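# Close look at the chain arrangement
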Amino acid sequence: MNKKPVRLGVVMDPIADIKPYKDSTFAMLLAASARGWTLHYMQQNDLWVENSRAMARASPLDVRDQTTDWFSLGEGEEMEMGDLDVILMRKDPPFDMEYIYTSYILELAQDQGALVVNDPASLRDANEKVYMSWFPQCSPETLITRSIARIREFSKAHDKIVLKPLDGMGGRSVFIVARDDPNTSVIAETVTDFGQRFTMAQQFLPEIDETGDKRILLIDGEPVPYALARIPAEGEARGNLAAGANSHGVPLSERDYWICSQLGQALKEKGLLFVGLDVIGEYMTEINVTSPTCIRELDTEFGLDIGGLIMDAIQSRLKEETED
């Protein structure tokens, strides 16, 4: 008797707007399709709750590994999200209230039968900046505050600091501030909205100019053995690809593996199946749980199939749930 194929749903930004040669969500969809799984495409505005049931208008999706004409969508149909076997939550930040509302719908779908990757409650709990506070042994000196005065004091204690919002991505609104920068106050006022928004301040790590901002990928708590080192472009201090950084793959160092060992079990327990760590020098600077990237770059450079490893981990989780 033939088993039914896994039904995989994905909540993402418009698939027509992605760059397929570098998009990590696309890599995951290709891996699922290669296994014969059926794909169902959704955006946030396709989701709703009706009579306590998580609902969606989902479109059948076909994907092709090419740089043009990379997808086809069928006619959307209404379904209960809990009828899907697995749902990938791959909507990019900002992590705003609409993102949180979406996570509630996904949590309801999970309660009604679907495996959601990553776990919706943990997406809310594990803010990509704040969650580092649970792992001080892995992190540089860090301050999270609304206070402009505290930011000024933190700046005085370091040659340089990094200021960034708690809900951004891709290097947006990230400031590098030197100790005697006369603009420190106005920058602090800007990022905190005059003391109305929590902001992260971190000790600046000069290693970013030499070894880069490394993106390490963990799948169900286990690291991929290579990281993508992102080197800031000339005249830049941000190691974000979206900010023009150059990149190349590197093997994980002994320190990288140690950092991963400090987080692995906690990530598994939270249902954070696919996570990206940002590491500069000896320290982790962010824990990316919403929509980690860099799959395709590492696959291309090292002949990996990271999307396939993620599908293997999902398959194992589905098997565990069936056996339970």
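Summary of the structure given here.

## Concerning the overall build of the protein
Scanning the protein from N- to C-terminus turns up eight helices and 18 strands. What you see for the protein is a C-alpha radius of gyration of 20 Å, in line with the 20 Å of a compact globule of 324 residues. Each principal axis of the C-alpha distribution contributes one length, and for the protein these read about 70 × 45 × 40 Å. Classification of the 324 residues of the protein by burial places 52% in the buried group. For the protein, the exposed area adds up to about 15200 Å²; of that, 47% sits on carbon and sulfur atoms. Where the 32 positive side-chain charges of the protein centre and where its 53 negative ones centre are 2 Å apart.

## What to know about the nonpolar core
Ranked by size, the top nonpolar core spans 42 residues in total, and within it Met42, Met81, Ile87, Leu263, Leu277, Met284 and Ile287 carry the most contacts. Elements supplying a minimum of two residues to this core: β4 (53-63), β7 (86-90), α2 (97-111), β13 (213-219), β15 (226-231), α6 (254-269), β17 (274-280) and β18 (283-288). Here this core gets five residues from one element, more than from any other, and that element is α2. By size, the runner-up hydrophobic cluster in this structure holds 38 residues, among which are Val86, Met311, Ala313 and Leu318.

## Structural notes on the packing of helix α4 (residues 148-156) against helix α5 (residues 184-192)
Describing two packed helices takes the angle between their axes plus the distance from one axis to the other. In contact at an axis separation of 10 Å, α4 and α5 are set at 130° when each is read in the N-to-C sense. Compared by their axis directions, α4 and α5 come out oblique. Remark: the crossing between α4 and α5 carries right-handed chirality. Taking contact as the criterion, the partners of Ile148, Ile151, Arg152 and Ser155 in α4 are, on α5, Thr184, Ser185, Ala188, Glu189 and Thr192.

## Quick word on the environment of Val289
Looking at the element boundaries, Val289 is found in the loop between β18 and α7 (295-302). Exposure remark for Val289: the relative accessible area of 0% places this residue in the buried category. It is 9.8 Å that separates the C-alpha atoms of Val289 and Val117, two residues lying 172 residues apart in sequence. In this view, Val289 contacts Asn118, Leu123, Ala126, Glu128, Leu272, Phe274 and Val275; residues no more than four positions away in its chain are not counted.

## Points about the layout of surface pockets
What the second largest pocket holds in volume is close to 360 Å³. Lining the second largest pocket we find 13 residues, and of these Val6, Asp85, Gln315, Leu318 and Thr322 sit closest to its centre. No other element matches the five residues that helix α8 (residues 306-323) contributes to the lining of the second largest pocket. For the lining of the second largest pocket, the per-class residue count stands at four nonpolar, three polar and six charged.

## Here we look at helix α1 (residues 24-34)
Along α1, nine of the 11 residues are buried, which leaves the element largely enclosed by surrounding structure. With a side-chain oxygen lying 3.1 Å from the backbone nitrogen of Thr25, the N-terminal cap of α1 falls on Asp23. Just downstream of α1 lies Gly36, where phi reads positive at about 85°.

## Topic: the sheet that holds strand β11 (residues 175-178)
Across the sheet, four strands lie side by side as β9-β12-β10-β11; this open sheet has antiparallel pairing. In the strand order of this sheet, the two ends are held by β9 (142-145) and β11, each with one partner. This sheet shows a mean twist of 25° between the axes of neighbouring strands, independent of strand direction. As judged from the four bridges shared by strand β10 (residues 160-165) and β11, these two strands associate in the antiparallel manner. Looking at the pairing, Ile161 lines up with Val177 of β11. Contacting β9, β10, β11 and β12 (199-203), α4 crosses the sheet at an angle of about 170° to β9. Sitting on the sheet, α5 is in contact with β9, β10, β11 and β12, with an inclination near 150° to β11.

## Notes on the pairing of strand β2 (residues 38-42)
Counting buried positions along β2 yields four of five residues, so the element is predominantly enclosed. Sheet topology note: the strand β1 (residues 7-12)/β2 ladder contains five bridges and is parallel. Note on β2: the bridge partner recorded for Val10 is Tyr41. Regarding the hand of the β-α-β motif, the stretch spanning β1, α1 and β2 is right-handed.

Rules used in this analysis
- Residues numbered from 1 in each chain as written.
- Predicted model: local features only at pLDDT ≥ 70, side-chain atom pairs only at ≥ 80, totals over all residues.
- Heavy atoms only, no water.
- Helix = DSSP H or I, 4+ residues; strand = E, 2+ residues; numbered from the N terminus.
- Rg over C-alpha atoms; globule rule 2.2 N^0.38 Å.
- Buried < 20%, exposed > 50% of the residue type's maximum accessible area, 1.4 Å probe, protein only.
- Areas by Shrake-Rupley, 256 points an atom, 1.4 Å probe, with all protein chains shown as cover.
- Lys, Arg positive; Asp, Glu negative; His and termini not counted.
- Charge placed at Lys NZ, Arg CZ, Asp CG, Glu CD.
- Core = buried A, V, L, I, M, F, W, Y, C linked by side-chain atoms within 4.5 Å.
- Axes fitted to C-alpha atoms, helices over the stretch in contact; angles between N-to-C directions.
- Parallel < 35°, antiparallel > 145°, perpendicular 65-115°, else oblique.
- Left-handed = near helix turned anticlockwise from the far one by under 90°.
- Contact = heavy atoms within 4.5 Å.
- 1 Å grid on protein atoms, 1.4 Å probe; cavity = no way out; pocket = protein on both sides within 12 Å on 5 of 7 lines; lining within 4 Å.
- Points joined across faces, edges and corners; volume = space filled by probe spheres on them.
- Nonpolar A, V, L, I, M, F, W, Y, C, P; charged D, E, K, R; others polar.
- Polar contact = N/O pair within 3.5 Å; in protein donor to acceptor, adjacent residues only side chain to side chain.
- Pairing = 2+ DSSP bridges.
- Right-handed = clockwise from strand over helix to strand, strands pointing away.

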